[in-house]
Amino acid sequence: MSNFIEILAILGLYFGLVLAGELTFELPDNARNCFYELIDKGVKCTLEFQVITGGNYDVDLEINAPSGQVLYKDQKKQYDSFTWTTDQKGEFKFCFSNEFSTFTHKMVYFDFQVGEERPIQPPEGGGHVTALTQLETSAVTIHEALKVIIDYQTHHRLREAQGRGFAEDLNSRVQLWSIGVAIIILIIGVGQVLALRSFFTEKKSHRCEYVTLIAEDKGLLTCYGFSTISYNYLRYDTIS
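A few points on the structure. (Residues numbered from 1 in each chain as written. Predicted model: local features only at pLDDT ≥ 70, side-chain atom pairs only at ≥ 80, totals over all residues. Heavy atoms only, no water.)

## Topic: the overall build of the chain
Thought 1: A count of helical and extended segments in the chain gives two helices and 11 strands.
Thought 2: Beginning at the N terminus, the succession of helices and strands in the chain can be written as α-β-β-β-β-β-β-β-β-α-β-β-β.
Thought 3: When the 240 residues of the chain are sorted by exposure, 24% land in the buried category.
Thought 4: A separation threshold of at least 6 residues defines the contact pool for the chain, and within that pool the share at least 24 residues apart is 67%.
Thought 5: A total of about 17,300 Å² of accessible surface is found on the chain, and carbon and sulfur atoms cover 58% of it. (Helix = DSSP H or I, 4+ residues; strand = E, 2+ residues; numbered from the N terminus. Buried < 20%, exposed > 50% of the residue type's maximum accessible area, 1.4 Å probe, protein only. Contact = heavy atoms within 4.5 Å. Areas by Shrake-Rupley, 256 points an atom, 1.4 Å probe, with all protein chains shown as cover.)

So this is what it looks like as structure tokens:
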């Protein structure tokens, strides 16, 4: 039990020597998000990023030194990694930009590491590195294995998030397409029913039919007629 606690303590010291930060954030359309970090001179830094969801999975990145010097600048990158060593002390700035997109939001992940990992057992006064004990060797082996596991977990989490975003976007598009197809099928079905009904429906006649009543009055033949459709009475006289 005591050996296990010692291993955890050594690993804690080993991990604590490196400043690192991971963040996943949403980058709206026509937006630019910047992050700042105070770094000493002569420190090795690494910035790795990847676009998880949104549009063509691309984003602009620019890294600036405290003096304003542009250390890195690239446009429409899906993922990339940049490593540099600082030549001055101050506040470094790195900005992600989605200004080229007019309506698509992006989900961006980045991992920013400052400094290098130091050995678990630092050199003694004489500068000579002593041999590692079995416990320290086991701790180093566990640490290296954990680093690999963390890298694999991060990679698979990003792939899973990217795949989930793609699947959700595809699902929404399929739903909209299905609704449109259903509406079109409904309209076509109603149109076909109306067309078939017109084929089997008897057409009504618009001719006027007259019924004539004939009466004889003083040598004149008087005829009265009316239309069965408009019901308008007609009268005309003829000489017998």
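## Thoughts on the pairing of strand β5 (residues 70–77)
Thought 1: Alignment of strand β4 (residues 59–64) against β5, held across five bridges, turns out to be antiparallel. Paired with Asn-64 across the bridge in β5 is Val-70.
Thought 2: Adjacent in sequence and paired antiparallel, β4 and β5 are bridged by five residues, among which Gly-68 carries a positive phi angle near 95°. (Pairing = 2+ DSSP bridges.)

## Remarks on the state of the cysteines
Thought 1: On inspection of all chains with the given rule, the structure shows one disulfide.
Thought 2: In this model Cys-34 forms its disulfide with Cys-95; the gap between the sulfur atoms is 2.0 Å. Taking the sign of the S-S torsion, 110° for the link of Cys-34 and Cys-95, the bridge is right-handed. Of this pair, Cys-34 sits in strand β2 (residues 32–39) while Cys-95 sits in strand β7 (residues 90–97), placing them 61 residues apart in sequence. (Disulfide = S-S within 2.5 Å.)

## Things to note about the packing of aromatic side chains
Here the distance between the centres and the angle between the planes together describe a pair of aromatic rings.
Thought 1: On inspection of all chains with the given rule, the structure shows 15 aromatic pairs.
Thought 2: Aromatic rings pair up to connect Phe-25, Phe-35, Phe-49, Tyr-72, Phe-82, Trp-84, Phe-92, Phe-94, Phe-96, Phe-110 and Phe-112 into one cluster. (Phe/Tyr/Trp six-rings, centres within 6.5 Å; stacked < 30°, edge-to-face > 60°.)

## Things to note about a nonpolar patch on the surface
Thought 1: Together, Leu-176, Ile-179, Ile-183 and Ile-187 make up a nonpolar patch on the protein surface, roughly 430 Å² of accessible area in all.
Thought 2: With respect to the helices and strands, the residue Leu-176 is situated in helix α2 (residues 134–199).
Thought 3: Judged by its relative accessible area of 63%, Leu-176 falls in the exposed class. (Patch = residues over 30% accessible without salt bridge, like charges linked within 9 Å, V, L, I, M, F, W, Y side chains within 5 Å. Salt bridge = Lys/Arg side-chain N within 4 Å of Asp/Glu carboxyl O.)

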